[in-house]
Amino acid sequence: MAHGDHLYDTYNPPKQNFIRGEGAYLYTENGNKYLDFIAGISVNCLGHNHPSPKKALIDQANKVWHLSGMFQLPGAKALAEKYCQALPFAEKVFFTNSGAEALECAMKSARKYHYDNGSPEKVDIITFQGAFHGRTFATINAGGNPKYLKGFGPTLPGFIHLPFADHDALEKAISKTTAAILIEPVQGEGGLRPVPDQCLLGLRKVCDDNDILLIYDEVQCGAGRTGRLFAHQWVEGAEPDIMAVAKGVGGGFPIGACIASGKVGAGMVPGTHGSTYGGNPLATAVGNAVWDEISKPAFLKNVNIISDLIKKEFEQLKHDFPDVVQELRGKGLLCGMKLKKPALEVRKMMLEKFMLGGSAGDNVLRLAPPLIINETHVTEAVNILRACFEEAKKLDDFEG
Ligand SMILES: *Cc1c(COP(=O)(O)O)cnc(C)c1O
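Residues numbered from 1 in each chain as written. Predicted model: local features only at pLDDT ≥ 70, side-chain atom pairs only at ≥ 80, totals over all residues. Heavy atoms only, no water.

Student: Looking at this structure, how should I read a nonpolar patch on the surface?
Tutor: A cluster of nonpolar side chains, contributed by Val64, Leu67, Met70 and Phe71, occupies part of the molecular surface with about 380 Å² of accessible area. Summarising the element assignment, leucine 67 is placed in the loop between α2 (51-61) and α3 (74-86). (Patch = residues over 30% accessible without salt bridge, like charges linked within 9 Å, V, L, I, M, F, W, Y side chains within 5 Å. Areas by Shrake-Rupley, 256 points an atom, 1.4 Å probe, with all protein chains shown as cover. Salt bridge = Lys/Arg side-chain N within 4 Å of Asp/Glu carboxyl O. Helix = DSSP H or I, 4+ residues; strand = E, 2+ residues; numbered from the N terminus.)

So, in structure tokens, the structure goes:
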């Protein structure tokens, strides 16, 4: 049998067994130390074993673990208020346990808004090539990646997939039945592609002109990852109507959220939606602690300083290894490179040299280190990558 024996073999992990983490490092049961430059896919934003969310979790564990939305959830209220104060568009929040659930809520909220406002025919959601929105039925249909749809029966109606950053195609696709445009401001899984600023502004305008809702999926690029609390905040005037977040917002504890404007949130009245665990006291205790850390100005300042340094170092790698590195990708600390050699092979070499990374569509080496890293971690990572690229030069070119 394969690795998991009784686990679904939906993942194919290496043999290392990590039993402990500290800051930007993970330790195996036999004491080996690995530099973690993937952070559970953009999740462990504060690194491992950070004292503040750990204390919040333990304190809450001594009080009450679970109540459900049937009862008052003060931790959820406090966290929702923090999001809404930081995001001018936001007035209402629904907490979930994952990114896909946050997107399910976002898409339901969008359709409900139009239904309540006399346009029940507006149901279609437009998404873009390379998108990734999760693995539930609705979210694989939203993503539209044929690899993720194959074998799972008929595709769902109500989703329209367009080429990436093609405004003409978008204008043509808009119709009376368009409910929303859903986009990641920086595509994660699809290959770390930032949406150009003018495209985000263009989307906002198309939505305003046609009574369409703009939904951002900031599950991967939010929570400080790009150097702003949320990636769209780099572009003035490109606010969404709805935003889905998860991954980094819990720093490792499962929590996500659908954050909506007042007009969108208004339709989600009692009985329209629910989640047993949504807003769970343990999850929101950690969520509050993570938010309080990442929203400190000094925290994001560090992310930006380190992002600039990484960018400079990666430019140098690209210059020194033209046979290996094709193109730099990403934004902030969601950073990577499209490789000419197989990214999976390069990842194996990194692992042998005690560094963890990931990959993304399009043969991209995906790096998403904890946001707390410093210059020393960058130097260590770049030295390892340099040694790997030296080896990778000998590999055959990647055939897509
Ligand atoms: C990971 C991810 C999701 C899905 O989140 P889950 O917590 O795995 O359900 C959705 N959108 C984006 C952009 C993601 O990176």
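Student: Please explain helix α11 (residues 297-320) as it appears in this structure.
Tutor: Between the first and last C-alpha of α11 there are 35 Å, a value that for 24 residues agrees with the 34 Å anticipated at 1.5 Å per step. Of the residues making up α11, those classed as buried are Phe299, Leu300, Val303, Ile306, Ser307, Leu309, Ile310, Phe314 and Leu317. Each element contacted by the buried residues of α11 is listed here: α10 (281-294), β13 (325-331), β14 (334-339), β17 (364-367) and α13 (375-392). (Expected span 1.5 Å × (residues − 1). Buried < 20%, exposed > 50% of the residue type's maximum accessible area, 1.4 Å probe, protein only. Contact = heavy atoms within 4.5 Å.)

Student: Quick question: what am I supposed to make of the pattern of salt bridges here?
Tutor: Where charged atoms from two side chains of opposite charge come close, those side chains can pair. Under the criterion given, the structure shown has 16 salt bridges. Residue lysine 82 is joined to aspartate 292 by a salt bridge in which the shortest nitrogen-to-oxygen separation is 3.1 Å. A residue pair is termed long-range when its members are at least 10 positions apart, and lysine 82 in helix α3 and aspartate 292 in helix α10 qualify at 210 residues. You can call lysine 82 partly exposed: its relative accessible area is 23%. Several salt bridges share partner residues, and in doing so they unite Glu327, Arg329, Lys338 and Asp362 into one network.

Student: Can you walk me through the pairing of strand β10 (residues 213-217) in this structure?
Tutor: Each regular strand displays side chains that alternate between the two surfaces of the sheet. The buried fraction of β10 is high, at 5 of 5 residues. Where burial is concerned, the two faces of β10 agree: the one with Leu213, Ile215 and Asp217 and the one with Leu214 and Tyr216 are both buried. When β10 meets strand β11 (residues 242-245), the two strands line up parallel, connected through 3 bridges. Residue pairing in the sheet places isoleucine 215 in a bridge with isoleucine 242 of β11. (Pairing = 2+ DSSP bridges.)

Student: In this structure, what is going on with α13? I would like to understand it.
Tutor: Residues spaced three or four apart along an α-helix face the same direction, because each turn holds 3.6 residues. The end-to-end C-alpha separation of α13 is 25 Å, in line with the 26 Å expected for 18 residues at 1.5 Å each. Those residues of α13 that sit buried are His377, Val378, Ala381, Val382, Ile384, Leu385, Cys388, Phe389 and Ala392. Buried residues of α13, viewed axially, fall in a sector of 165 degrees; they line one side. Facing away from the buried side of α13 by more than 90 degrees, the exposed set consists of Glu375 and Thr376. The backbone nitrogen of threonine 376 has a side-chain oxygen 2.9 Å away, supplied by the residue at the start of α13, namely asparagine 374. (Arc of directions from axis to C-beta. Polar contact = N/O pair within 3.5 Å; in protein donor to acceptor, adjacent residues only side chain to side chain.)

Student: Would you take a moment to explain the nonpolar core for this structure?
Tutor: If you look at soluble globular proteins, the nonpolar side chains tend to sit buried side by side. Core analysis: the largest hydrophobic core is formed by 83 residues, its most contacted members being Ile181, Leu385 and Phe389. Viewed by domain, this core spans two of them, domain 1 (18-42 + 297-392) and domain 2 (52-294), each represented by three or more residues. For phenylalanine 389, the contacting residues outside a window of four places in its chain are Leu317, Phe321, Val324, Val325, Met337, Leu339, Val346 and Leu365. If you look at the next biggest cluster of nonpolar residues, it comprises 23 residues, including Leu103, Met107, Ile125 and Cys258. (Core = buried A, V, L, I, M, F, W, Y, C linked by side-chain atoms within 4.5 Å. Domains from an automatic or database assignment.)

Student: Before we go on, may I ask you to explain the state of the cysteines in this structure?
Tutor: Such a bond, covalent and formed between the sulfur atoms of two cysteines, is termed a disulfide. On inspection of all chains with the given rule, the structure shows 0 disulfides. The cysteine cysteine 335 is free of any disulfide, with cysteine 221 supplying the nearest cysteine sulfur at 14 Å. (Disulfide = S-S within 2.5 Å.)

Student: I keep staring at empty space enclosed by the protein and nothing clicks. Help me out?
Tutor: Per the stated rule, a full pass over the model turns up 4 cavities of 30 Å³ or more. Estimated volume of the largest cavity: approximately 90 Å³. Lining the largest cavity we find Phe128, Ala165, Asp166, His167, Leu170, Ile183, Val195, Cys199 and Leu203. Empty space within the second largest cavity amounts to approximately 40 Å³. In this structure, the second largest cavity is lined by Ala131, Phe132, His133, Gly134, Thr139, Ile140, Gly143, Gly144, Asn145 and Tyr148. Among the elements that take part in the lining of the second largest cavity, helix α5 (residues 137-143) stands out by supplying 3 residues, more than any other. Broken down by class, the residue content of the lining of the second largest cavity amounts to 4 nonpolar, 6 polar and no charged. (1 Å grid on protein atoms, 1.4 Å probe; cavity = no way out; pocket = protein on both sides within 12 Å on 5 of 7 lines; lining within 4 Å. Points joined across faces, edges and corners; volume = space filled by probe spheres on them. Nonpolar A, V, L, I, M, F, W, Y, C, P; charged D, E, K, R; others polar.)

Student: What am I meant to see in the sheet that holds strand β1 (residues 18-22) here?
Tutor: In a beta sheet, neighbouring strands are held together by backbone hydrogen bonds and run either parallel or antiparallel to one another. Spatial ordering of the open sheet is given by β1-β2-β3-β15, a layout of 4 strands whose pairing is mixed. Where the open sheet ends on each side, the last strands, each with one partner, are β1 and β15 (355-356). As judged from the 3 bridges shared by strand β2 (residues 25-28) and strand β3 (residues 33-36), these two strands associate in the antiparallel manner. Its bridge partner lying in β3, tyrosine 27 is registered against lysine 33.

Student: Honestly, the domain arrangement of the protein in this entry has me stumped. Any pointers?
Tutor: For interface size, the figure often reported is the accessible area lost on association. The assigned domain composition of the protein is domain 1 (18-42 + 297-392) and domain 2 (52-294). Computed over C-alpha atoms, the centres of domain 1 and domain 2 are 27 Å apart. Together domain 1 and domain 2 conceal approximately 1900 Å² of surface at their shared face, both sides included; 59% is due to carbon and sulfur atoms. A per-residue breakdown of the area domain 1 buries against domain 2 is headed by Ser42, Lys331 and Leu334, which together make up 33% of the total. At the boundary of domain 1 with domain 2, the tally comes to 1 salt bridge. Here glutamate 189 and arginine 366 are joined by a salt bridge, their closest N and O atoms 3.2 Å apart. (Buried area = accessible area lost by both parts, 1.4 Å probe.)

Student: When you look at the pairing of β17 in this model, what are you seeing that I'm missing?
Tutor: Residues of β17 alternate between two faces, with Val364 and Arg366 on one and Leu365 and Leu367 on the opposite face, all of them buried. Examined bridge by bridge, β14 and β17 share 4 bridges and lie antiparallel to one another. Bridge pairing links methionine 337 to leucine 365 in β17. For strand β16 (residues 358-360) and β17, the ladder comprises 3 bridges, and the chain directions are antiparallel. The partner of glycine 358 across the bridge, within β17, is arginine 366. Linking β16 to β17, which pair antiparallel, is a turn of 3 residues; within it aspartate 362 sits at a positive phi near 80 degrees.

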